[in-house]
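Here is how the chains run, residue by residue.
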Amino acid sequence: MKFHYSTYRIQCRHSFTISRSSNDSFNVVFVYLTQDGKTGMGEAAPSKRYGESFDQILSILGHGTFSKLTDTNSLDKTLDELRPLCQGCNSLEAAVDMAAHDLWGKIEDKPLFQKFGLNGQEMPVTSFTIGIDSPDVIQEKVKEAEKFPILKVKLGTGSDKEIIREVRKVTGKPIRVDANEGWNLEEAKNMCDWLSSQNVEFVEQPLPANKLSETAILKETSTLKLIADENSLTASDIPELENAFHGINIKLMKCGGVDEANKMIETAKNHKLEVMLGCMVESSLSVTAAAHLSPLVDYADLDGNLLITNDPFEGVKVDKEGRLVLPSNPGLGVTMREQV
Ligand code: MG
């Protein structure tokens with residue numbers, strides 16, 4: 001089995017600003033696995049928040065261990081060989097996991113969702129993210145997001161009510177709020193009270209991940225559902241979240257791929273937690289990989305590819321009602337664009 005990789009800088013349509021950071025572009029790594037004349041593709045979009053970086057991935061790949069892969073007739077054997085080479089870097093593990101699933105789907109001529117016994121027609125709508133910005137740009141972004149029935153609005157700024165008021169000047173549609181750990185308990189209580197009159201569906205990660213017991217206190221009084229993101233990386237995080245949150249947000253880049261994401265979905269359901277499937281700012285390659293699991297979840301926030309201007313891939317689409325539409329080709333079903 002042959003392995004190679006390439007690097008790419010994805011450009012944001014608008015500066016992507018959340019409570020802790022602002023970016024105009026992100027460096028990602030694409031990985032490719034080739035066997036039997038087929039090539040599987042995957043993407044790593046590392047996040048500083050989880051202690052991972054583009055340079056770290058290049059350093060791991062630079063050691064040359066990926067160039068000695070054995071040919072095999074099994075997806076599990078491919079994954080068993082690849083995962084330890086990633087040295088605990090979850091976004092790189094996500095990349096090789098999706099490349100292996102893509103390759104094996106192509107070899108077996110089956111779309112990925114079939115591996116999980118899913119119907120690729122039963123797709124959820126996705127929310128569309130409105131990053132932190134000046135009032136006029138926020139209004140412009142909300143207008144651009146007209147076809148999406150639900151918005152996800154980034155807060156945690158010190159001027160959060162103003163942001164919601166700007167959104168509400170343009171639309172009354174349901175909002176999901178993401179504070180990205182930006183509040184303390186007092187602020188979170190006040191904001192949850194106020195937001196409950198603003199047609200808000202839920203609040204994501206109100207408090208820092210290391211304030212789990214305070215989040216549990218917030219849950220006792222909040223009339224809005226609380227969804228864990230920075231608190232919910234892999235399946236082993238889930239049991240302790242039951243008392244503090246109503247649901248979890250799963251991302252391939254945090255958990256290391258579609259198999260672990262599927263395990264997280266099962267674990268969350270066993271703990272009576274709702275499930276949201278999200279993403280980083282990413283190309284259509286990894287957003288499509290996540291979308292194959294979306295028939296299983298309560299909420300989809302798979303819009304990372306819609307926030308960029310130079311997507312080199314084509315895969316999952318969004319119809320005019322904001323519903324995700326999977327490609328029907330084998331594997332991930334993703335193709336490379338001729339020109340970006
Ligand atoms: Mg979030």
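Notes on the structure follow. Please read all numbers here as calculations on a predicted model, not as lab measurements.

Considerations on the coordination of the magnesium ion
Point 1. Note on the magnesium ion: its protein donors are Asp-178 (OD), Glu-204 (OE) and Asp-229 (OD). The metal-donor distances range over 2.1 to 2.3 Å.
Point 2. One chain supplies every donor to the magnesium ion, and in sequence these donors are spaced D-x25-E-x24-D. With Glu-204 in strand β7 (residues 200-204) and Asp-229 in the loop between β8 (225-228) and β9 (247-250), the pair connects residues that are 25 residues apart, well separated along the chain.
Point 3. For Glu-204, a relative accessible area of 0% translates into the label buried.
Point 4. Assessed through its relative accessible area of 1%, Asp-229 is described here as buried.

As for the pairing of strand β10 (residues 274-277)
Residues in a regular strand point their side chains to alternate faces of the sheet.
Point 1. Judged from the four bridges that link them, β9 and β10 form a sheet pairing that is parallel. Bridge assignment links Ile-250 to a residue of β10, and that residue is Leu-277.
Point 2. In terms of strand pairing, β10 meets strand β11 (residues 299-300) through two bridges, oriented parallel. Each bridged residue has a counterpart across the sheet, and for Met-276 the counterpart in β11 is Tyr-299.

Some thoughts on the side chain of Asp-229
Point 1. Reaching out from Asp-229, the side chain makes a polar contact with the side chain of Lys-254 at a distance of 2.6 Å.
Point 2. Setting aside anything within four residues of it in sequence, one finds Asp-229 in contact with Tyr-50, Asp-178, Glu-204, Gln-205, Asn-249, Lys-251 and Lys-254.

What about the sheet that holds strand β3 (residues 38-44)?
Pairing between the strands of a sheet comes from backbone hydrogen bonds, and it takes one of two forms, parallel or antiparallel.
Point 1. What the three strands build is an open sheet, ordered β1-β2-β3; its pairing is antiparallel. The open sheet has two edge strands with one neighbour each: β1 (2-18) and β3. Pairs of neighbouring strands in the sheet enclose a mean axial angle of 20 degrees, with direction left out of account.
Point 2. Examined bridge by bridge, β1 and strand β2 (residues 21-35) share 13 bridges and lie antiparallel to one another. Note that in β2 the partner of Gln-11 across the bridge is Ser-25.

Description of the environment of Gln-198
Point 1. Mapped onto the elements of the fold, Gln-198 is located in the loop between α7 (185-195) and β7.
Point 2. Classification of Gln-198 as buried rests on a relative accessible area of 16%.
Point 3. Expressed as a C-alpha distance, the spacing of Gln-198 and Ser-67, which sit 131 residues apart in the sequence, is 54 Å.

Quick notes on the nonpolar core
Point 1. Residues Val-153, Val-177, Trp-183, Leu-195, Ile-248 and Leu-302 are the most contacted members of the largest nonpolar core, which totals 88 residues.
Point 2. At six residues, the largest contribution of residues to this core is made by α7.
Point 3. For Leu-195, the contacting residues outside a window of four places in its chain are Ile-164, Val-177, Trp-183, Val-200, Val-203 and Leu-224.

Let's talk about the pattern of salt bridges
Point 1. The tally for this structure, following the rule as stated, stands at 19 salt bridges.
Point 2. A salt bridge links Glu-181 to Arg-49, with the shortest nitrogen-to-oxygen separation between them at 2.8 Å. In this pair, Glu-181 sits in the loop between β6 (175-178) and α7 while Arg-49 sits in the loop between β3 and α1 (54-62), placing the two residues 132 residues apart along the sequence.
Point 3. With a relative accessible area of 16%, Glu-181 lands in the buried category.
Point 4. For Lys-169, the salt bridge identified is with Glu-166, shortest N-O distance 3.0 Å. In this pair, Lys-169 and Glu-166 are both assigned in helix α6 (residues 160-170), three residues apart and thus about one turn of the helix distant.
Point 5. Salt bridges sharing common partners tie together Lys-152, Lys-154, Asp-178, Glu-204 and Asp-301.

Looking at the pairing of β7
Point 1. Counting buried positions along β7 gives four out of five residues, so the element sits mostly inside the fold.
Point 2. Where β6 and β7 come together, four bridges link them in parallel fashion. Bridged to Arg-176 within β7 is Phe-202.
Point 3. After leaving β6, the chain enters α7 and then returns to the sheet as β7, a path that is right-handed.
Point 4. With three bridges joining them, β7 and β8 adopt parallel strand pairing.

With respect to the sheet that holds β8
Point 1. In spatial order, the strands read β4-β5-β6-β7-β8-β9-β10-β11; together these eight strands make up an open sheet with parallel pairing. Edge positions in the sheet fall to β4 (128-130) and β11, since each of these pairs with one other strand and no more.
Point 2. One ladder, built from two bridges, connects β8 with β9; its direction is parallel. The partner of Ala-228 across the bridge, within β9, is Ile-248.

Calculation criteria
- Residues numbered from 1 in each chain as written.
- Predicted model: local features only at pLDDT ≥ 70, side-chain atom pairs only at ≥ 80, totals over all residues.
- Heavy atoms only, no water.
- Donors = N, O, S within 2.8 Å, 3.2 Å for Na, K, Ca; no water.
- Helix = DSSP H or I, 4+ residues; strand = E, 2+ residues; numbered from the N terminus.
- Buried < 20%, exposed > 50% of the residue type's maximum accessible area, 1.4 Å probe, protein only.
- Pairing = 2+ DSSP bridges.
- Polar contact = N/O pair within 3.5 Å; in protein donor to acceptor, adjacent residues only side chain to side chain.
- Contact = heavy atoms within 4.5 Å.
- Axes fitted to C-alpha atoms, helices over the stretch in contact; angles between N-to-C directions.
- Core = buried A, V, L, I, M, F, W, Y, C linked by side-chain atoms within 4.5 Å.
- Salt bridge = Lys/Arg side-chain N within 4 Å of Asp/Glu carboxyl O.
- Right-handed = clockwise from strand over helix to strand, strands pointing away.

No statement about biological role is implied by the geometric values presented.
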